[in-house]
Amino acid sequence: MAVEKDLKAILRNLKYSDDAKVLEQISEHTRQVHARMAGIKHKLVVMSGKGGVGKSMTTVNLALAFARQGAKVGLLDVDLNGPCVPRMLGLHGQSLTMRPEGAIPPVGPLGVKVASMDFFLEDAAPVRWKGPMDVSPVWLGLMEMNVIREFLADVVWGELDYLLVDLPPGAAADKPPVIAGFIPDLAGAIVVTTPSEVASDVVQKSVTYARDMGIKVMGMVENMSEYRCPSCGEVNELFEGNTEAMCEMLDLPLLGRIPFDRTLARTFDKGQPLLDDTYPTIQRYQDIAGRIRTLLDYKKVLADKL
Amino acid sequence: MKFVCLNCETYMNFEKVEKPGEDSLGVFFGCPSCNAKFSMVTNAGETQMVNSLGVKLGGRTVEAEPFEMTRGTLKAEATAGSGQMAAYLNEKIQGGQPAVAATTAAPAAKPGEKSGGGCPFSAMVAEMGLTSGGKPGDTETVTSDFTWSADAKEKLDRLPSFVKPMVQSSVEAFARKQGYKTITLQVMDDSKGESSNGITWTSDAEKRLENIPDFIRPMARKEVERVAKERGLATITAQVMDETKDKFMKFM
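Here is what the cut-offs are and how they apply
Residues numbered from 1 in each chain as written. Chains lettered and ligands numbered in written order. Predicted model: local features only at pLDDT ≥ 70, side-chain atom pairs only at ≥ 80, totals over all residues. Helix = DSSP H or I, 4+ residues; strand = E, 2+ residues; numbered from the N terminus. Buried ≥ 20, exposed ≤ 12 C-beta atoms within 10 Å, placed from the backbone. Contact = placed C-beta atoms within 7 Å. Pairing = 2+ DSSP bridges. Axes fitted to C-alpha atoms, helices over the stretch in contact; angles between N-to-C directions. pLDDT = per-residue confidence, 0-100.

Draft legend 1. Up close: the overall build of chain A. On a plain count of helices and strands, chain A comes out with 11 helices and 10 strands. Oriented by its inertia axes, the alpha-carbon framework of chain A measures out at about 90 × 45 × 45 Å. Taken across its 306 residues, chain A has 49% of its residues classed as buried. Restricting the contact set of chain A to residue pairs at least 6 apart, pairs at least 24 apart contribute 77%.

Draft legend 2. Main features of the overall build of chain B. The helix and strand inventory of chain B stands at 10 helices and nine strands. For chain B, the residues scored as buried account for 17% of the 252 residues in total. A separation threshold of at least 6 residues defines the contact pool for chain B, and within that pool the share at least 24 residues apart is 38%.

Draft legend 3. Here's a closer look at the pairing of strand E8 (residues 217-228) of chain A. All names here are of chain A. Where burial is concerned, most of E8 is hidden: 10 out of the 12 residues are buried. Looking at chain direction, strand E7 (residues 186-193) and E8 are connected through five bridges and run parallel. Bridge pairing in E8 places threonine 193 opposite glutamate 222. Of the strand pairs in this sheet, E8 and strand E10 (residues 254-260) are connected by five bridges, and their pairing is parallel.

Draft legend 4. How the structure looks around the sheet that holds strand E5 (residues 37-41) of chain B. Residue and element names in this part refer to chain B. The antiparallel open sheet is built from three strands, whose spatial order is E3-E4-E5. The outermost strands of the open sheet, each flanked by one partner alone, are strand E3 (13-21) and E5. The average angle at which neighbouring strand axes cross in this sheet is 25°, direction not considered. Across six bridges, E3 lies against strand E4 (residues 24-30) in antiparallel orientation. Its bridge partner being in E4, glutamate 18 is matched across the sheet by glycine 26.

Draft legend 5. Local environment of the confidence of the model for chain A. On average, residues of chain A carry a pLDDT of 88, and 96% of them reach 70 or more. Highest mean pLDDT in chain A belongs to strand E5 (residues 113-116) of chain A (98); lowest belongs to helix H6 (residues 175-182) of chain A (73).

Draft legend 6. How the structure looks around the pairing of E5 of chain B. All names here are of chain B. Relative to E5, E4 runs antiparallel, the two being bridged by five bridges. Bridging across to E5, phenylalanine 29 finds its partner in phenylalanine 38. If you look at the hairpin formed by E4 and E5, you'll find six residues sitting between the two strands, and asparagine 35 has a positive phi there, around 65°.

So this is what it looks like as structure tokens:
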């Protein structure tokens, strides 16, 4: 009978080498992401713990607002399973142009460059991966993270003032804050909520989790604050809640309130976004973009005005 | 993953990778001492797991193409039938009509103008117990040792349920400390001005803080209080404000 070997003792004397070159390639991935993002001045993620609060609508309108202020803007839609940014900007059906140096993103209204999973999908087709779905919990999360890594590493953004990243919905121990953690020199996260107590509760968790991950949460946008009925004209609050109080508790600035605006929403649904900067709801997005700029310049503001 | 040759007590070297089947990988290792060969064969799940890493075992011989993994792992057959689905959805949702111009999408009714019960949100608003101004129709009673003025109580009642106890407790702690018996809106506002670390602000300093845009004022307040704390001061004076300003001038 063979003598039992002491593996621990054997390993103590061995020097590990990465001869399959796995670690080397993973390090290279990180290097590529850093290199690709180097030309972008401010990287911001837009997140919320709760789905359906209007995160994509907010991201798209903030991108347009920055572009209207003369900035060069990119918009990365990393909601892999529900990408809607291209449709909202009238880019559905277009695709990334593959070149040896990387993927060239289509350019939308006001010069906003867009990358999205939607560009890889046929009309109304869901994202489906090759591989055994019965064991998908083993590999699916890893796969999605690496697809997102490719979006960060392979899109040729060029020089940008702002890159806005529309994260998928999800709260605490979920993907969004992890995705945000991939992005080098992330300026911060903008959190979108509705004034409903249910949304507030979940959003609060996502803020805490993002902070645990070391992500700077810059402020909150309250979406669907109120609604003007197109039939009777009456303005009502849609939810009973108080985002201001939540912001105070979380020590976050409330960046602005956006009403539920059916006219504006319809234009995005049809891929013909309303771009008129005199339109009241668009002006609110402009104000929020201005506040974000102030926050990014926070130290300068304090030095100037204190 | 590494393999150890127990006879030679050394790591086996990675040699090559082959694809014995559609959902399988054969990874070959060899012992550098005794030249023993060993092959690990992966099942479908393990193969997919390796693919999901976005790496080539053994390293790359050619540069990766953009979105190589995304394009290589999307299931092409998933798109089958999606054209018909899109046509169906277009027909059902848009009635096959081309999208209308943005500015004519929804004619807004004049404020106050009533129409024949077409408001899609009226029922929802009524269900939530809100009045037309969005104010709650009925609120919980504040349980407290203090007398809350009607407007202060209304402000408290409008807070989300999870925030309300904390705010109430904080305001009442402040009122107790100041010897107030009645909580008014002013007391609520003043309670916000008192920092949790007991630092007080002179009126001059408060006035200077108002130069900061209101949405970042709380952050600025914290920065100033941090400077005071570093210097062991309990009162924010104009001098502390100057020192904070100098601190931020260094970042310019």
